[in-house]
Amino acid sequence: MVEVDGKTGTPEGGTGGANVTITLPVPPANDLFANATILYPSNGVPIISGSETGNLISVAGSTTQATSSGENWVANGYLNAPVNQNAWFKYTPTNPGLIYLSVNSPGSHLIAVYTSFNGTWVGGCAGTEGATPNSSFSFAGTSGTAYYICIDGTIPGPFVLNVATFYGGPPNQSSTNS
């Protein structure tokens, strides 16, 4: 119940109207797997690392108002961590090669990579609060394969996801908790 008292110009004991605005938090557009933000290789910038050339895409996001739908850490045995607030991205490389994912965040965000909804688990890693990068994971990407990237906020908040794809060097798979 809401009571409003003291409307200007209303005599004591009189009635009047009041406008109340309630703003509900809105989850990010890519809160659900089905609404994953598509990251296009053509939107990246060229990069060089040692003898390898590649492409870098950086995208800002947030898990602040996100829900916990669409991720199942326990079922895939990943960290035995509970589901947290997460956001989804989809990346399909145009060339085979090493894909390096990193998250910069003042909070703590996990990275998980799949080829379908709670399906084939590619890998991932936990985050370390305040570290730069907060978490990172690399794997050998296949040209034309769609990879679904889940950024899971164990400590929700803003983040920047970096997707670097390298061509030419021997790919390996690793994860780092900085």
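Just above sits the structure.
So, here is what we can say about the structure in this document. (Residues numbered from 1 in each chain as written. Predicted model: local features only at pLDDT ≥ 70, side-chain atom pairs only at ≥ 80, totals over all residues. Heavy atoms only, no water.)

### Some thoughts on the packing of aromatic side chains
All chains considered together, the criterion is met by 6 aromatic pairs. The interplanar angle of 35° and the centroid separation of 4.4 Å between the aromatic rings of F33 and Y148 together place this pair among those described as tilted. With a gap of 115 residues between them, F33 in the segment before β1 (37–39) and Y148 in strand β9 (residues 147–155) connect regions that are remote in the sequence. This pair shows no difference in class: F33 is buried, exactly as Y148 is. (Phe/Tyr/Trp six-rings, centres within 6.5 Å; stacked < 30°, edge-to-face > 60°. Helix = DSSP H or I, 4+ residues; strand = E, 2+ residues; numbered from the N terminus. Buried < 20%, exposed > 50% of the residue type's maximum accessible area, 1.4 Å probe, protein only.)

### Here's the deal with the pairing of strand β7 (residues 121–125)
For β7, a buried count of 4 out of 5 residues is recorded, marking the element as mostly surrounded by other parts of the structure. Summarising the sheet, strand β6 (residues 108–114) and β7 pair through 4 bridges and their orientation is antiparallel. By the bridge assignment for β7, A112 is matched with G124. (Pairing = 2+ DSSP bridges.)

### Quick notes on the side chain of S105
As for its position among the elements, S105 is in the loop between β5 (97–104) and β6. Polar contacts involving the side chain of S105 include one to the side chain of H109, which spans 2.9 Å. (Polar contact = N/O pair within 3.5 Å; in protein donor to acceptor, adjacent residues only side chain to side chain.)

### Brief notes about the pairing of strand β2 (residues 45–49)
Note that β2 and strand β3 (residues 52–62) share 5 bridges and pair antiparallel. For I48, the partnering residue across the bridge sits in β3 and is T53. Turn length for the β2-β3 hairpin, with the two strands adjacent in sequence and antiparallel, is 2 residues, and the turn residue G50 shows positive phi of about 65°.

Limitation: the analysis is restricted to geometry and does not speak to function.
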